[in-house]
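Each chain, letter by letter, is given below.
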Amino acid sequence: MPTDHAQQVTAQTTTIADGRGAPTQPVVLVAEPLAPSAIDVLAHDFDVRQVDGADRDALLAAIGDADAVLVRSATRIDEEALAAASRLKVVARAGVGLDNVDVQAATARGVMVVNAPTSNIVSAAEQAVTLLLACARNLAPANAALKAGEWKRSKYTGVEIAGKTVGVVGLGRIGTLFAQRMAAFGTRLIAYDPYVQPARAAQLGVRLVGLEELLAESDFVSIHLPKTPETLGLIGEKELALVKPGVRIINAARGGLIDEAALAKAIDEGRVAGVGIDVYATEPCTDSPLFGFENVVATPHLGASTAEAQDKAGTAVARSVKLALQGEFVPDAVNVQAGGVVAEEVRPLLPLAEGLGRVFTAVAGGGIASISIEVRGEVADNDVSVLQLAATKGVFLDVVEEKVTYVNAPLLAKERGVDVALSTSLDSPDYHNLVTVRGALSDGRSVSVSGTLTTGPREVAKLTEVDGFDIEIPLTGNLLFLRYADRPGVVGMLGGALGQAGINIAAMQVSRVQAGGEALMGVELDSVVAPELLEEVARAVGAVSAATVDLTEL
C-alpha cells in the first residue's frame, strides 16, 4: 500500500472510474479541494475519493457509493444529490454557511450535516476590520488613482476611528471578535442583538440598543448576522433612511442582509459615505449597483479566505466525518438535537441508552404513546441530552423502514405522535449511574427497562430491570425475554426447545416478586431466535409474552 498520503488518495480515487467492485472501507467523497492536513485525517481509515462537485453529472455518478461527502461552497447537496446517495451518512461543509446544503432534506433521510462553525471566525472578524479601515481612509480609490499615475492627497482625505461610535449588528462569535478589536481603537461600541443579555454585552464593553437607535447613532455599522428568513433584507430603504449622515457600512457576513439597490441609492444621495462589502445576494457577483461608486470597497467573499481558516475548516470537518463514520457523537452536527461536546463521563453511556431503547421496544411490543428517559447518578451533573437521542434512536431502530440515526430519531418520534422527555437526578441509591427508558403504551400499559455500566477499568453495559423485575444480564448479544406464571420445570422446557433448534444458552436469570407469582426470564443466546421459533418457545413454556432483540452490533 502506498505510504504517501497524496499517492494513496490518487490510487483510491481511480475506483470511481474503473468500477472495481464494492469498496472495502467506508467511502469519503471529497468534492472540492481541501488542505492536505484534512486528507491526512481521513486517508488511513477510509477510501478517500475525489470528484469535481461543480460538475453535476460527475457528482451524481460518484455520490452513490459515498458514506460521506465533503464540500465547500460550490457543490450543491440538494434533494436530487441526496436521493442518489443511498449510503450517505454525513455531509460535511468545510466552512460556516450551509446555503448549498439542503439540511431539511438531509435530516429527513437521517443524514448528518456538519460544518466548521469556528474555523473562520477570526478571519471573518479581521476582514470586517480591514474593510472598515479601508473605508475610513479611502484606501481602494487612492491606491487605484496612484497606480493610474494620479497623486490626489486632498481628494482622498479620510476620517479617524478613535472616538467614533461603532454599531455592531449581531453580537455572536464573529461580532464579539470584531467588537473586541474595534475597542482597541478607542471607539464607543453599541450593538443590536435581541438574543444577547445586557450583562453579557456589558462584559464586552458594549451597550445594547435597538436597531433604529444603532443606525441613528453609529459612525460605522458592521453586520455580523447569519442569513435566516428573519434577517434577510434586515436593512433596506426604510432603515437606511434612519442612518446618521456620513455613516460607513460594512457587510462581511452574508449577502442579502442589506438591500444592495437601496444601499446604492443611499450612497448616491450622500447619506452613506462609504461601504465595505464582501458578500452579495447572489454569488458569484460581478455586476452590482454598488460597483459604480468610488467609495465602495468590494471584495469577492474573502472573509474565510486565509490559509489558516481554510486549513482549520478542512481539518475540523474531516475530524467530524471520522467521528460520524465511527459511530461517535459529533459536536458540530447542525441537525442533531443535542448541543455541545459530550462529556467523557457521558460518552460510555451512549450504547447503553441505545440498547435500552431497543429492549424497551421489544418488550413493549408496539403502540408506544410516550417515552421518558431518566438519568440518575453523578453523570447527571453533565449535559446528558444526547442520551435522550440515543435512547430514542434505539426505540425506533428495529421497527421503522427508514435508516434511524441521531439526526432523524426526534423527527420519527414526532411524526408518530410519540412524546419524548428527559429527566435527571443526582440521587441513585443502588447504582453509580442508572439509565431508565420508561414509556406509556396506547393500550394503557406502562413498560420500563433500566441499565447501568459496571464500575472498574472495563465498563460493561448490563440490564438491571425489565418491566418492574430486577434482573442482571449483559446488555449484549441475542436476548430473549419471557414472562410467565412461576412454576417448576420452565427452565427445562425452554432449554429443550432451544436445544432442539440448535441454539445455545450463554446466560440466564429468572426474576420474580414472589413464589408462584409472575416471573420474568432473561436469556442471552449465541444466535438469533427466528419469529417461528419464538412462538414455539412461548407456547412450550406457557409465556404470556415473549420478546427477542439482537444487540450483537451494539
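Residues numbered from 1 in each chain as written. Predicted model: local features only at pLDDT ≥ 70, side-chain atom pairs only at ≥ 80, totals over all residues. Heavy atoms only, no water.

A. Molecular detail of the state of the cysteines. Taken as a whole and judged by the stated rule, the model has 0 disulfides. Cysteine Cys135 shares no disulfide, and the gap to the nearest cysteine sulfur, in Cys285, comes to 16 Å. A relative accessible area of 5% means that Cys135 is categorised as buried. On the accessibility criterion, Cys285 (22% relative accessible area) is partly exposed. (Disulfide = S-S within 2.5 Å. Buried < 20%, exposed > 50% of the residue type's maximum accessible area, 1.4 Å probe, protein only.)

B. Layout of helix H18 (residues 490-500). The set of residues buried in H18 consists of Val490, Leu494, Ala497 and Leu498. Around the axis of H18, the buried residues are gathered within 95° of arc, so they sit on the same side. H18 presents Gly492 and Gln500 as exposed residues on the side facing more than 90 degrees away from its buried surface. Looking at the buried side of H18, the elements it contacts are strand E19 (477-485), strand E20 (505-512), strand E21 (518-525) and helix H19 (531-541). (Helix = DSSP H or I, 4+ residues; strand = E, 2+ residues; numbered from the N terminus. Arc of directions from axis to C-beta. Contact = heavy atoms within 4.5 Å.)

C. Quick peek at the pairing of strand E13 (residues 368-377). Here E13 lies mainly inside the structure; 7 of its 10 residues are buried. The pairing of E13 with strand E15 (residues 433-441) spans 9 bridges and is antiparallel. Bridge assignment links Ile373 to a residue of E15, and that residue is Val437. Bridge count between E13 and strand E14 (residues 419-425): 7 bridges; the pairing is parallel. The partner of Ile373 across the bridge, within E14, is Leu422. (Pairing = 2+ DSSP bridges.)

D. Quick look at the sheet that holds strand E7 (residues 188-192). Judged by pairing direction, the sheet is parallel, and its 7 strands sit side by side in the order E8-E7-E6-E9-E10-E11-E12 without closing on themselves. Edge positions in the open sheet fall to strand E8 (207-208) and strand E12 (296-298), since each of these has one partner strand only. Where strand E6 (residues 165-169) meets strand E9 (residues 220-223), 4 bridges bridge the pair, whose relative direction is parallel. Along E9, the bridge assignment pairs Gly167 with Val221. Against the sheet, helix H7 (residues 121-136) makes contact with E9, strand E10 (247-251), strand E11 (272-277) and E12, and its axis sits at roughly 150° relative to E10, the strand it touches most. (Axes fitted to C-alpha atoms, helices over the stretch in contact; angles between N-to-C directions.)

E. Region of interest: the nonpolar core. Ranked by internal contacts, the top residues of the largest apolar core, which has 79 residues, are Met112, Val321, Phe360, Leu463, Leu475 and Phe481. Considering every element that reaches this core, the biggest residue donor is helix H15 (residues 349-364), with 9 residues. Those residues in contact with Leu475, other than ones at most four positions away along the chain, are Leu352, Gly355, Leu356, Val359, Ala461, Lys462, Leu463, Leu551 and Leu554. Membership of the second largest hydrophobic core comes to 29 residues, among which are Val221, Leu240, Val243 and Val275. (Core = buried A, V, L, I, M, F, W, Y, C linked by side-chain atoms within 4.5 Å.)

F. Summary view of unusual backbone geometry. Residue Pro284 is reached from Glu283 by a cis peptide bond, and omega for that bond is -5°. Looking at the secondary structure, you find Pro284 in the loop between E11 and E12. For His301, which is not a glycine, the phi torsion comes out positive at approximately 55°. Residues other than glycine seldom take positive phi values, yet Asp467 does so here, at roughly 50°. Mapping Asp467 onto the fold places it in the loop between strand E17 (461-466) and strand E18 (469-474).

G. Inspection of the pattern of salt bridges at higher detail. On inspection of all chains with the given rule, the structure shows 27 salt bridges. Among the salt bridges present, the one from Glu374 reaches Arg438, with a minimum N-O distance of 2.8 Å. You can see Glu374 sitting in strand E13 and its partner Arg438 sitting in strand E15, a full 64 residues away along the chain. Overall, the relative accessible area of 18% leaves Glu374 in the buried class. For Arg438, a relative accessible area of 37% translates into the label partly exposed. The salt bridge involving Arg512 is made with Asp486; its shortest N-O contact spans 2.6 Å. One end of the pair, Arg512, is in strand E20; the other, Asp486, is in the loop between E19 and H18, with 26 residues separating them in the sequence. Given a relative accessible area of 45%, Arg512 falls into the partly exposed group. (Salt bridge = Lys/Arg side-chain N within 4 Å of Asp/Glu carboxyl O.)

H. Representation of the sheet that holds E21 within the structure. Spatially, E20-E21-E19-E22 is the arrangement adopted by the 4 strands of the open sheet, whose pairing is antiparallel. With one partner strand each, in any of the chains shown, E20 and strand E22 (545-551) form the two edges of the open sheet. Here the average twist between neighbouring strands, direction ignored, is 15°. Bridge analysis of E20 against E21 gives 7 bridges, and the strand direction is antiparallel.

I. Highlighting the packing of H15 against helix H16 (residues 385-397). Close contact between H15 and H16 brings their axes to 7 Å; oriented N to C, the two are set at 35°. In the crossing of H15 with H16, the sense of the turn from one axis to the other is right-handed. Here Leu349, Leu350, Ala353, Glu354, Gly357, Arg358, Phe360 and Thr361 of H15 lie close against H16, whose contacting residues are Val386, Leu387, Ala390, Ala391, Lys393, Gly394, Val395 and Leu397. Of the residues that constitute the contact of H15 with H16, the class distribution is 10 nonpolar, 3 polar and 3 charged. (Left-handed = near helix turned anticlockwise from the far one by under 90°. Nonpolar A, V, L, I, M, F, W, Y, C, P; charged D, E, K, R; others polar.)

J. Here's a closer look at the packing of aromatic side chains. Under the defined criterion, the tally for this structure stands at 1 aromatic pair. Taking 5.8 Å as the distance between ring centres and 80° as the angle between the ring planes, the aromatic pair formed by Tyr280 and Phe291 counts as edge-to-face. Of this pair, Tyr280 sits in the loop between E11 and E12 while Phe291 sits in the loop between E11 and E12, placing them 11 residues apart in sequence. In this structure Phe291 comes out as partly exposed when scored by relative accessible area, which is 33%. (Phe/Tyr/Trp six-rings, centres within 6.5 Å; stacked < 30°, edge-to-face > 60°.)

K. Quick peek at the layout of surface pockets. Here the second largest pocket defines a volume of roughly 740 Å³. Surrounding the second largest pocket, 26 residues form its lining, Ala324, Gly327, Glu354, Lys393 and Val404 being those nearest its centre. At the level of elements, helix H14 (307-325), H15 and H16 are the ones that each hand at least two residues to the lining of the second largest pocket. Looking at the lining of the second largest pocket, the element that brings in the most residues is H15, giving 4 residues. Split into classes, the residues belonging to the lining of the second largest pocket amount to 10 nonpolar, 5 polar and 11 charged. (1 Å grid on protein atoms, 1.4 Å probe; cavity = no way out; pocket = protein on both sides within 12 Å on 5 of 7 lines; lining within 4 Å. Points joined across faces, edges and corners; volume = space filled by probe spheres on them.)

L. Geometry of the confidence of the model for the chain. Confidence in the prediction of the chain, expressed as mean pLDDT, is 90, and 95% of residues score 70 or more. The model gives residues 1-20 a pLDDT under 50, and that stretch makes 29 contacts with residues more than four places away or in other chains. (pLDDT = per-residue confidence, 0-100.)

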